[in-house]
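Residue-level structural notes
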Amino acid sequence: MWLHAKGPAATPADAQRKAEQSSATRDRWLHRALLTCGAISGAIVVLIVLFMLSESWPALRNIGPARLLGDPGWHPDEDFNLTPMLVGTLLSSFGAIVLSTPLGVACAVFTHFYAPPAIARVQRRVIELLAGVPSVVYGFWGLVSLVPLLLAVAPPGQSLLAGVLVLTMMILPTVALLSETAIGAVPAGVVHGAHALGLSRATLVGRVVLPAARAGIGTGVLLAAARALGETMAVLMVSGNVVQLPHGMLDPVRTLTANIALEMGYAMADHRSALFASGLVLLLIVVALVGIAERFDRSPRHA
C-alpha cells in the first residue's frame, strides 16, 4: 500500500486571499476595458471635430465668417449667407422648447403624483413609444395632417409654425421622461416631510418637488433642444424650405440641417465647404448646450 504525501490543508485565510486576488484581477481588467472604451469614445468625438474643421476650412479661408453671415443671400455660386437658415433653425428649436417644456413637465407630474398606477404605467409606455418613433413618421404626420390645417389659415401651410409643432411632438417624450426621472430622484424624506407639514399636493409639487428637481429637468430640456437643433427630415418635410428671414410664424423657412440634406449631393468646391461650415456651426451650438446641461447636472439638486 502506497502512501501519498499530502501538502498542508488550505486554510480559510488562504481561500479568502485567493478570492481577493481574483477579485482584484477582475477589477483591473474591468478598469482597463472601461478606460479603453472611454478613450475610443473621446477619440471619435475629437476626430469628428477635426474632420468638420478640415472640411470647413476652405470656406472659412476663401469666403470668411463675415460673408457667411452677411452676404445678400444664399446663391452658392457667389453668395453664401447662412444667417436666414441659422435664424430658422434657432426659431424652430426655441419654439419647440417653449411648447414642449411645460407639457413635458406637466405630463411627468401627472404620471408621478396624480395618475392611478394603471394609468401611469400605460402613459409611460406611450411616451416611451413616442420617443422611439422615427422622425420621418412625424414628418409624414405633419405633411398630411398638420400642413393642410395651416394651409386653410394662411398659404402655403408649410411654415415655421408647422416645423415648431412637429419638433414639439418629437422632443416632448424626451422632456417628459427625463423630467419624471428627475422628479423620481427627489429624496423620499423631502416628500414625507412636506406631507408631515400638511402641505397640499399642489403646494408639494410647486414649492418642494419641482424646485428640488430643477437641475434634472433643466438638463432634460437642454438635451431635447440639442435633438431639435439636429433634426433634419421632419423639418425638411413641413417647413417649406425657402431661404428667407421669417416675418411671422406662418412664413416658410429652411433650417441648416435641411439645407445640408438638400444640397450636399451636388455641392462642390466652396459650396460644399460652406455646407460643412454650417454643420460646424450646429456642432458648436450643440457643444454649448451640452456644456450648459453639464453645469445644470452639477448644480445642487435638492433643497
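It should be emphasised that the depicted structure is a prediction, and the values quoted were computed from it without experimental measurement. (Residues numbered from 1 in each chain as written. Predicted model: local features only at pLDDT ≥ 70, side-chain atom pairs only at ≥ 80, totals over all residues. Heavy atoms only, no water.)

Let us look at helix H8 (residues 201–212). All buried positions along H8 are accounted for by Leu204, Val205, Val208, Val209 and Ala212. The buried side chains of H8 occupy one side of the element, clustering within an arc of 130° when seen end-on. For H8, the exposed residues lying more than 90 degrees away from the buried face are Ala202 and Arg207. Buried residues along H8 sit in contact with helix H3 (83–114), helix H6 (160–184), helix H7 (188–196) and helix H9 (214–230). (Buried < 20%, exposed > 50% of the residue type's maximum accessible area, 1.4 Å probe, protein only. Helix = DSSP H or I, 4+ residues; strand = E, 2+ residues; numbered from the N terminus. Arc of directions from axis to C-beta. Contact = heavy atoms within 4.5 Å.)

In this fold, Ser93 is placed in helix H3. When the C-alpha positions of Ser93 and Glu231 are compared, they lie 9.3 Å apart, and in sequence the two are 138 residues distant. Not counting the four nearest positions on each side in its chain, Ser93 is found in contact with Leu167, Ala228 and Leu229. Only 3.0 Å separates the side chain of Ser93 from the backbone oxygen of Thr89, close enough to count as a polar contact. (Polar contact = N/O pair within 3.5 Å; in protein donor to acceptor, adjacent residues only side chain to side chain.)

Looking now at the side chain of Ser273. Tracing the backbone shows Ser273 in helix H12 (residues 269–298). According to the relative accessible area criterion, Ser273 is buried, its value standing at 3%. Separated by 2.9 Å, the side chain of Ser273 and the backbone oxygen of Glu55 make a polar contact. The residues contacting Ser273, other than those within four sequence positions of it, are Glu55, Ser56, Trp57, Pro58 and Ala59.

This part is about the nonpolar core. Counting residues in hydrophobic clusters, the biggest one holds 41 residues, and the most contacted among them are Phe113, Val166, Ile183, Leu204 and Val209. Looking at this core, the elements with two or more residues in it are H3, helix H5 (135–153), H6, H7, H8, H9, helix H10 (233–238) and H12. With residues up to four places along the chain from it excluded, the contact list for Val209 reads Phe113, Ile183, Val186, Val191 and Leu204. (Core = buried A, V, L, I, M, F, W, Y, C linked by side-chain atoms within 4.5 Å.)

Size it by volume and the largest pocket reaches roughly 150 Å³. Secondary structure elements with two or more residues in the lining of the largest pocket: H3, H6, H7 and H8. (1 Å grid on protein atoms, 1.4 Å probe; cavity = no way out; pocket = protein on both sides within 12 Å on 5 of 7 lines; lining within 4 Å. Points joined across faces, edges and corners; volume = space filled by probe spheres on them.)

This next bit is on the pattern of salt bridges. Considering all chains together, one arrives at five salt bridges under this definition. As a salt-bridge pair, Asp71 and Arg67 come within 3.2 Å of each other at their nearest N and O atoms. Given a relative accessible area of 11%, Asp71 falls into the buried group. Judged by relative accessible area, Arg67 falls into the partly exposed class, the value being 32%. For Glu263, the salt bridge is made with Arg254, and the minimal N-O distance between the two is 3.0 Å. Residues Glu263 and Arg254 agree in their burial class; the two are buried. (Salt bridge = Lys/Arg side-chain N within 4 Å of Asp/Glu carboxyl O.)

In this section: the packing of helix H4 (residues 117–132) against H6. The description of two packed helices rests on the angle between their axes and on the distance between the axes. Between H4 and H6, whose axes approach to 9 Å, the crossing angle comes to 135°. As far as their axial angle goes, H6 and H4 are oblique. Crossing hand, H4 versus H6: left-handed. Contact residues: Arg124, Ile127, Glu128, Leu130 and Ala131 in H4; Pro173, Ala176, Leu177 and Glu180 in H6. Broken down by class, the residue content of the contact of H4 with H6 amounts to six nonpolar, no polar and three charged. (Axes fitted to C-alpha atoms, helices over the stretch in contact; angles between N-to-C directions. Parallel < 35°, antiparallel > 145°, perpendicular 65-115°, else oblique. Left-handed = near helix turned anticlockwise from the far one by under 90°. Nonpolar A, V, L, I, M, F, W, Y, C, P; charged D, E, K, R; others polar.)

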